[in-house]
Amino acid sequence: MSYRTLSEQEAVEYARSIPDLFPQDAQLVSREIGDGNLNFVFRIQDEGPSGRSIIFKQALPYVRVIGDSWPLTLDRARIESEALILENELYPGSVPKVYHHDTELALIVMEDLSEYQIMRKGLVERKRYPNFAKQIGTFLARTLFLTSDLALSPVEKKRKAASFTNPELCNITENFVFTYPFHDDPSNAYNPLLSDTVQRIWKDNVLKLEVARLKEGFMTRGQALLHGDLHTGSIMVTEEDTKIIDPEFAYYGPMGFDIGALIANLLLNYSAHEGHTLEPQEREIYQAYLLDTVVQVWDIFEAEFRNLWAEKAQEPYAKTPGYLDAYLRDVLQDTVGYAGCKMMRRVIGLAHVSDLESIEDPALRAKGEMLALSIGQEFILKRSTIASVNDIIALVTSST
Ligand code: ADP
Ligand code: MG
Ligand code: MG
Ligand code: MG
């Protein structure tokens with residue numbers, strides 16, 4: 001079937017045609033549930049006795065929130081399904097199971113995670129996830145280590161990198177994370193109360209030079225297969241479990257970009273509680289929980305990474321004294337720099353986060369946004385001084 005966007009009825013018919021998904025007499029209904037910027041997501045459910053449900057995710061040949069004036073490759077659906085399948089091999093159960101994918105239709109049929117909640121929403125409600133740090137830290141260590149030159153032969157790694165070449169989605173990141181927010185670009189959309197601060201940022205050539213270096217790393221450093229868009233809206237959680245969705249930005253890039261994206265989003269939430277949680281003690285307790293989560297994510301990532309290294313490192317230099325420590329220090333410093341860029345772009349640039357956007361009072365929102373900008377700048381400027389995750393926490397707590 002050549003590409004066309006499926007109507008809800010066509011999605012139901014398609015679901016029926018996939019062997020073994022639903023019983024013969026299933027009474028299927030379909031509903032669009034997507035809240036993302038780019039794609040359509042349908043939930044298809046059997047209202048009959050099986051009660052089974054699945055998710056259809058279909059890419060459109062353009063950006064959903066903008067329309068056909070902004071075309072975007074359908075190849076992202078292939079990348080996303082291949083990344084999900086690979087991530088499930090590298091860390092079983094960490095992502096929704098892919099039941100079927102159709103390259104022509106840019107369609108992925110996957111496990112329904114409706115029991116899970118988008119993590120960003122839970123964090124605004126000050127929920128806690130006792131297993132999250134362990135699960136995401138392990139996910140990061142396994143997916144990053146096991147797709148890198150540390151674990152694969154150089155030939156195998158380069159072949160894998162070639163199959164995950166993702167130029168159009170990388171270009172979105174290059175522009176909207178690294179370039180537009182740091183210049184007076186018409187796409188930017190910031191709280192007018194931040195005008196003076198934003199003007200200062202645009203004139204700060206020291207900061208911009210560091211952002212330029214980080215961007216160059218994003219563009220050229222094919223260290224491992226990244227998720228590429230690992231914010232808390234790409235993570236679905238229950239109290240016990242964590243699933244990572246939406247790897248359509250996957251490509252070979254610097255490990256710190258994924259870890260940094262995650263930490264940035266935890267800290268955007270930390271900043272947002274300046275506006276959401278006005279009772280100081282309550283706020284402090286939850287912010288301390290978020291900082292503790294940052295520390296644990298890094299600590300677990302590092303411990304798992306070191307275990308994998310000890311068991312599986314192929315690189316001939318692997319056992320050279322000091323090599324692993326230096327490697328991890330570079331990843332940590334990249335993490336801090338990319339986290340800083342991600343925080344700043346969510347305040348100044350086009351795409352904001354609901355953690356901050358849902359603070360209705362503009363002055364209170366500005367308080368959270370100013371904190372996010374200040375942490376972001378500190379991270380970008382001071383990343384080369386960072387030697388441990390506790391140094392990151394010190395930069396956060398000294399920012400106001
Ligand atoms: P986009 O690429 O457009 O951002 P996402 O993959 O993030 O699309 O999906 C958009 C929304 O659809 C998610 O925020 C979530 O609410 C829902 N969703 C996506 N995948 C699943 C799934 N496997 N199970 C349940 N809900 C899902
Ligand atoms: Mg998404
Ligand atoms: Mg989404
Ligand atoms: Mg997406």
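The model shown is predicted, which means the values in this text are computed figures rather than measured ones. Along each chain, the written sequence defines residue order, and numbers are assigned to residues from 1. To label them, take the chains in the order written and letter them from A, then take the ligands in the order written and number them from 1. Totals for whole chains, interfaces and linings use every residue, but because this is a predicted model, local features are given only for residues with pLDDT of at least 70 and side-chain atom pairs only at 80 or more, for both listing and counting. Water and hydrogen atoms were dropped before computing side-chain values, which therefore reflect all heavy atoms in the structure.

### Notes on the pairing of strand β7 (residues 107–111)
Consideration 1: Partly exposed residues are those whose accessible area sits between 20% and 50% of the maximum for their type, while under 20% is buried and over 50% is exposed, using a 1.4 Å probe and protein chains only. What counts as a helix is a DSSP run of H or I of at least four residues, what counts as a strand is a run of E of at least two, and both are numbered from the N terminus. Counting buried positions along β7 yields five of five residues, so the element is predominantly enclosed.
Consideration 2: DSSP-based pairing: two strands are paired if at least 2 bridges between them are found. Where strand β3 (residues 53–59) meets β7, five bridges bridge the pair, whose relative direction is antiparallel. If you follow Phe56 over to β7, its bridge partner there is Val109.
Consideration 3: Between strand β6 (residues 98–102) and β7, which pair antiparallel in sequence order, lie four residues; one of them, Ala106, sits at a positive phi of approximately 55 degrees.

### Quick word on the site of ligand 1
Consideration 1: Near is defined per residue: the residue qualifies when any heavy atom it owns lies within 4 Å of the molecule or strand. The full set close to ligand 1 counts 19 residues, and Asp35, Asn39, Lys57, Leu113 and Glu248 are the nearest of them.
Consideration 2: Each polar contact in these results corresponds to two N or O atoms within 3.5 Å; when the atoms are within protein, one needs to be able to donate a hydrogen and the other to accept it, and residues that are neighboring in sequence are counted only if both atoms are side-chain atoms. One of the backbone nitrogen or oxygen atoms of Glu111 is found 2.9 Å away from a nitrogen atom of ligand 1.
Consideration 3: Between ligand 1 and Glu248, the relevant distance is 2.7 Å, taken from an oxygen atom to a side-chain nitrogen or oxygen of the residue.
Consideration 4: Only the protein chains shown count as covering a residue, and every accessible area follows the Shrake-Rupley method with a 1.4 Å probe. When ligand 1 sits alone it has 550 Å² of accessible area, and the protein chains cover 92% of it.
Consideration 5: Looking at the shell around ligand 1, the elements with two or more residues in it are β2 (39–46), β3 and β7.
Consideration 6: The residues that make up the shell around ligand 1 include at least three from each of domain 1 (8–111) and domain 2 (117–397). All the domain ranges listed were derived from an automatic or database domain assignment.

### Overview of the coordination of the magnesium ion (ligand 4)
Consideration 1: Here a donor is an N, O or S atom found within 2.8 Å of the metal, or within 3.2 Å if the metal is Na, K or Ca; sites may look incomplete because water is not among the atoms. Surrounding the magnesium ion (ligand 4) are the protein donor atoms Asp246 (OD), Asp246 (OD) and Glu248 (OE), which sit 1.9 to 2.3 Å from the metal.
Consideration 2: A spacing of 3.4 Å is found between the magnesium ion (ligand 4) and the magnesium ion (ligand 2), which share Asp246 as a donor.

### Regarding the sheet that holds strand β8 (residues 117–118)
Consideration 1: Strand order in this open sheet of three strands is β8-β10-β11, and the pairing throughout is antiparallel. At either margin of the open sheet sits one strand with a lone partner, and together these are β8 and β11 (242–244).
Consideration 2: Sheet topology places strand β10 (residues 235–237) next to β11; three bridges connect them, and they run antiparallel. Among the inter-strand pairings, Met236 is bridged to a residue of β11, identified as Lys243.
Consideration 3: By definition in these notes, contact holds between two residues if any of their heavy atoms fall within 4.5 Å. Helix axes are fitted to C-alpha atoms over the stretch in contact, other axes to C-alpha atoms as well, and angles between N-to-C directions run from 0 to 180 degrees. The strands touched by helix α4 (residues 132–146) are β10 and β11; relative to β11, the strand with the most contacts, the crossing angle is about 35 degrees.

### Re helix α14 (residues 389–397)
Consideration 1: Considered for burial, the residues of α14 that qualify are Val389, Ile392, Ile393, Leu395 and Val396. Along the axis of α14, the buried residues cluster in a sector spanning 160 degrees; they form a single face.
Consideration 2: The inward-facing, buried residues of α14 contact α9 (255–276), α10 (280–312), α11 (323–348) and α13 (362–382). The arc under discussion is defined with respect to the helix axis, by the directions toward the C-beta atoms.

### Focus on the packing of α4 against α10
Consideration 1: The interhelical angle for the contact between α4 and α10, taken along N-to-C directions, is 40 degrees, at an axis separation of 8 Å. Taken together, α4 and α10 sit at an angle that is classed as oblique. Seen from above, α4 lies across α10 with right-handed handedness. Contacts between α4 and α10 involve Phe132, Ala133, Lys134, Ile136, Gly137, Thr138, Leu140, Ala141, Arg142, Leu144, Phe145 and Leu146 on the former and, on the latter, Thr293, Gln296, Val297, Ile300, Phe301, Glu304, Phe305, Leu308, Trp309 and Lys312.
Consideration 2: Put simply, Ala, Val, Leu, Ile, Met, Phe, Trp, Tyr, Cys and Pro go in the nonpolar bin, Asp, Glu, Lys and Arg in the charged bin, and everything else, Gly too, in the polar bin. Tallied by class, residues from the contact of α4 with α10 come to 14 nonpolar, four polar and four charged. These descriptions rest on fixed angle ranges, namely under 35 degrees for roughly parallel, over 145 for roughly antiparallel, 65 to 115 for roughly perpendicular, and the rest for oblique. Note: crossing handedness is left-handed where the near helix turns anticlockwise from the far helix by less than a right angle, and right-handed where it turns clockwise.

### Points about the packing of aromatic side chains
Consideration 1: Each pair of aromatic rings taken from Phe, Tyr and Trp, with Trp reduced to its six-membered ring, is defined by centres within 6.5 Å and is described as stacked if the planes are under 30 degrees apart, edge-to-face if over 60, and tilted in the remaining cases. Considering all chains together, one arrives at 20 aromatic pairs under this definition.
Consideration 2: Seen in terms of ring centroids, Phe257 and Tyr338 are 5.5 Å apart; in terms of plane orientation they differ by 75 degrees. Their pairing is edge-to-face. With Phe257 in helix α9 and Tyr338 in helix α11, the pair connects residues that are 81 residues apart, well separated along the chain. Here the two residues Phe257 and Tyr338 agree in accessibility, since each one is buried.
Consideration 3: Grouping aromatic residues by their ring pairs yields a cluster made of Phe145, Trp298, Phe301, Phe305, Trp309, Tyr323 and Tyr327.

### Some words on the environment of His273
Consideration 1: Its location among the elements puts His273 in helix α9.
Consideration 2: C-alpha of His273 to C-alpha of Leu364: the two residues are 91 residues apart in sequence and 9.9 Å apart in space.
Consideration 3: Ignoring sequence-local partners within four residues, the contact set of His273 consists of Leu123, Val124, Arg126, Arg283, Tyr286, Gln287 and Leu290.

### A closer look at unusual backbone geometry
Consideration 1: Of note in this structure, Ala106 is not a glycine but carries a positive phi near 55 degrees.
Consideration 2: Tracing the chain through its elements places Ala106 in the loop between β6 and β7.

### Notes on the side chain of Asn188
Consideration 1: Structurally, Asn188 can be placed in the loop between α6 (167–179) and α7 (195–202).
Consideration 2: Apart from the residues within four sequence positions on either side, Asn188 is in contact with Tyr180, Pro181, His183, Trp202, Ile348, Gly349 and Leu350.

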